Amino acid sequence: MSTGSVSWVLFQAQSLDIEKVHEILLDTGLSILRQPDKFAVWQENGSLLFITLACSELVRQESVQIGQDTPYAEDLSRCNVRIEIAFDDLQEVRMEAETLIEVQSSLQEATQGYIFNIWNQKIAPPPEYED
């Protein structure tokens, strides 16, 4: 599994591509610099975040591993797509968390996915999650 300053939004495959992710983030009002398969997102005086989309069997395997021994194991075992939110300076992002939270919540709402922060191993289920 990757390490470092990365947050993932894990979800089950659906008709979501990098173009749709771009549209979702346009609605946040954040600044976006687009490249074909990734983009950067920021707000004035805020953190710079790098967004990519990954879909593979490895994503599913890592989702299973993340879900082990949690109440979300069954749901996470079906997650084979993730939006990766990377950044250079965790301390900076934590001091100005508004940008990261806006991106995470917008993407989680659109995908009904699980947020997983690699730096602290925390999982946030979708708001509609019921035990």
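Here is what the cut-offs are and how they apply
Residues numbered from 1 in each chain as written. Predicted model: local features only at pLDDT ≥ 70, side-chain atom pairs only at ≥ 80, totals over all residues. Heavy atoms only, no water. Phe/Tyr/Trp six-rings, centres within 6.5 Å; stacked < 30°, edge-to-face > 60°. Helix = DSSP H or I, 4+ residues; strand = E, 2+ residues; numbered from the N terminus. Buried < 20%, exposed > 50% of the residue type's maximum accessible area, 1.4 Å probe, protein only.

(A) Seen up close, the packing of aromatic side chains. Tallied over the full model, the rule gives three aromatic pairs. On the basis of an interplanar angle of 55° and a centroid distance of 5.5 Å, the ring pair of Y72 and Y114 is categorised as tilted. With Y72 in the loop between α2 (57–67) and α3 (73–76) and Y114 in strand β6 (residues 114–117), this residue pair connects regions lying 42 residues apart in the sequence. Residues Y72 and Y114 agree in their burial class; the two are buried. Aromatic side chains F87 and W119 sit 5.6 Å apart centroid to centroid with 70° between the ring planes, which places their arrangement in the edge-to-face category. With F87 in the loop between β5 (81–86) and α4 (90–95) and W119 in the loop between β6 and β7 (122–124), this residue pair connects regions lying 32 residues apart in the sequence. A residue is classified by how much of its surface remains accessible, and W119, at 23% relative accessible area, is partly exposed.

(B) Geometry of unusual backbone geometry. Its identity is not glycine, yet N45 carries a phi of approximately 60°, on the positive side. Note on placement: N45 falls in the loop between β3 (38–42) and β4 (49–55). If you check the backbone angles, Q112 has positive phi at about 55° while not being a glycine. Tracing the chain through its elements places Q112 in the loop between α5 (98–111) and β6. Exposure remark for Q112: the relative accessible area of 37% places this residue in the partly exposed category.

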